[in-house]
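# Overview (structure and organization)
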Protein chains: 2
Amino acid sequence: MELFTAIRERRSCRAFSTEPVDEATIDRLLEAAGWAPSPLNAQPWQFIVVTGEEKKLAFFEEANRCRRWAVEKSGWKWLDAYSVDFLKKVPVIIAVVGDPKKTGTDMLQSDGTVGYQHACAAAVQNMLLAAHALGLGSLWFTLFDRGAMRKILDISEDNTPIALVCIGKPDKPLATVPRKDVMAKTIYLR
Amino acid sequence: MELFTAIRERRSCRAFSTEPVDEATIDRLLEAAGWAPSPLNAQPWQFIVVTGEEKKLAFFEEANRCRRWAVEKSGWKWLDAYSVDFLKKVPVIIAVVGDPKKTGTDMLQSDGTVGYQHACAAAVQNMLLAAHALGLGSLWFTLFDRGAMRKILDISEDNTPIALVCIGKPDKPLATVPRKDVMAKTIYLR
């Protein structure tokens, strides 16, 4: 698929078919992720590909717990109505985990260490575009507590869970999500 | 350009030709950036397109200051030899600025507000891929202090400078930067 078409057409999916995604396809997504740029080319990511029911249920329960807690804290009604059931149904969830030690020069800076997270986000974006080009729906999911997610993924305190990338065939046509005119968000300093 | 080709072939550029990049081309990069996904589709980015000499010089001076300070703190010899002169020469620098208020549910979480930064990073990745597809070199640059960058860009404390995206024609062929086998960074939980 042409790059600009993929960028423009890719949308978030929350209704997935249970049809499995074969591992050769998942590997293409991971290869795309691995080409993302990173500080000092440190490639500060790790991927945990989840297809088993048990972990998906744990993701669902953690997301639901966070959702209820967030509703209580915020009063946001849309979040009260937002179902995370798709986490149990989606065929593949790729957990993206970042390594704060591989963050480049920002480890020296007072603002904190974020470069490795930005690189992981770029890797996620590559995966989402690749998924669309391969006819798959995708969702960048982050409704979890990082501490709880470390336990579910069985990773140490030294690593940061960045995102759960949900992948599967869309169960129905994806809704168009509009964007603001980017020019309204742009200033030119000539 | 085909998506996977762009993902695989795009490399960082540090040696730019001074040949200007026309604004229609810059607008295509910005449009690509604007299609990135974001928490609650809040589109938490702003773009400041710099083509004038004065701001570029300010970026250079800030980067050089950070570089010297980082060399002193780290003792990294490669950083001592790393020239940031290209910041004065590159035809276009797009500063990407994030809005922490547009971060979705993670504003409620104890781990801090990072979703808006991840979205900005996805927007940067879209720009880098788009630049490559349009025959341009690009560099994701972050060697600056955020407070100092706010002053240079004349933005308030409420906004976070995320990256300087350098854009221009490469002055020489770009070096291939290898990647580790992504499978060595992947675990399958079936």
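The paragraphs below set out a description of the structure included in this document. (Residues numbered from 1 in each chain as written. Chains lettered and ligands numbered in written order. Predicted model: local features only at pLDDT ≥ 70, side-chain atom pairs only at ≥ 80, totals over all residues.)

### Remarks on the overall build of chain A
Short version of the rule: Working definition: helices are DSSP H or I runs of at least four residues, strands are E runs of at least two. Numbering for both runs from the N terminus. Here the globule rule is a power law, 2.2 Å times the number of residues to the power 0.38, and the radius of gyration is based on C-alpha atoms. Think of it this way: build a C-beta for each residue from its backbone, and any pair within 7 Å is a contact.
The helix and strand inventory of chain A stands at seven helices and five strands. Each helix and strand of chain A, placed in order from N terminus to C terminus, yields the pattern α-α-β-α-α-α-β-α-β-α-β-β. On C-alpha atoms alone, chain A measures out to a radius of gyration of 17 Å, which is about the 16 Å that the 2.2 N^0.38 rule sets for 190 residues. When the backbone C-alpha atoms are referred to their principal axes, chain A occupies close to 45 × 40 × 40 Å. Long-range contacts, defined as pairs at least 24 residues apart, comprise 80% of the intrachain contacts of chain A with a sequence gap of at least 6.

### Focus on the packing of helix H3 (residues 53-74) of chain B against helix H7 (residues 146-153) of chain B
Residues and elements named next belong to chain B. To be explicit about the condition: Each axis is a line fitted through C-alpha atoms, and for a helix only the stretch in contact is used; angles between axes span 0 to 180 degrees, taken between their N-to-C directions. An angle counts as roughly parallel when it lies under 35 degrees, as roughly antiparallel when it exceeds 145, as roughly perpendicular when it falls between 65 and 115, and as oblique in every other case. The nonpolar class holds Ala, Val, Leu, Ile, Met, Phe, Trp, Tyr, Cys and Pro. Asp, Glu, Lys and Arg form the charged class, and all remaining residues, Gly among them, are polar.
Interaxial distance between H3 and H7 falls to 10 Å at its minimum, and their mutual angle equals 170°. Here H7 runs roughly antiparallel to H3, going by the angle between their axes. Touching Lys55, Ala58, Phe59 and Glu62 of H3 are Ala148, Met149 and Ile152, all from H7. When its residues are assigned to classes, the contact of H3 with H7 shows five nonpolar, no polar and two charged.

### As for the relation of the copies chain A and chain B
Worth spelling out the cut-off: Alignment of copies: least-squares fit on C-alpha atoms of residues with pLDDT of at least 70 in both copies.
With an axial shift of 0.0 Å and an RMSD of 0.0 Å, the rotation relating chain A to chain B amounts to 180°. Interpreted geometrically, this transformation is the action of a two-fold axis. Comparing contact sets, 100% of the residues at the interface of chain A also lie at the interface in chain B, consistent with an isologous, same-surface contact.

### Side note on the interface of chain A and chain B
Let me state the cut-off plainly: Here a strand pair is declared whenever DSSP counts at least two bridges between the two strands.
Taken together, the contact pairs 63 residues of chain A with 63 residues of chain B. Per-element accounting of the side of chain A that touches chain B gives the leading share, twelve residues, to helix H6 (residues 115-133) of chain A. A per-class count over the side of chain A that touches chain B returns 33 nonpolar, 17 polar and 13 charged. When strand S1 (residues 45-50) of chain A meets strand S5 (residues 186-189) of chain B, the two strands line up parallel, connected through four bridges.

### Some words on the sheet that holds S5(B)
Read across the open sheet, the five strands follow the order S3(A)-S4(A)-S2(A)-S1(A)-S5(B); overall the sheet is mixed. The open sheet has two edge strands, strand S3 (137-141) of chain A together with S5 of chain B, and neither has a second partner. Averaged over all pairs of adjacent strands, the angle between strand axes in this sheet comes to 20°, irrespective of strand direction. On the sheet, helix H7 (residues 146-153) of chain A packs against S1, strand S2 (92-98) and strand S4 (160-168) of chain A and is oriented at approximately 65° with respect to S4(A).

### Points about the pairing of strand S1 (residues 45-50) of chain B
Residues and elements named next belong to chain B. Short version of the rule: Exposed residues have 12 or fewer other C-beta atoms within 10 Å of their own C-beta, buried residues have 20 or more, and residues in between are partly exposed; the C-beta atoms are placed from the backbone.
Counting buried residues in S1 gives six out of six residues, a clear majority hidden from the surface. Residues Trp45, Phe47 and Val49 line one face of S1 and the alternating positions Gln46, Ile48 and Val50 line the opposite face, and both faces are buried. Relative to strand S2 (residues 92-98), S1 runs antiparallel, the two sharing six bridges. Paired with Gln46 across the bridge in S2 is Val97.

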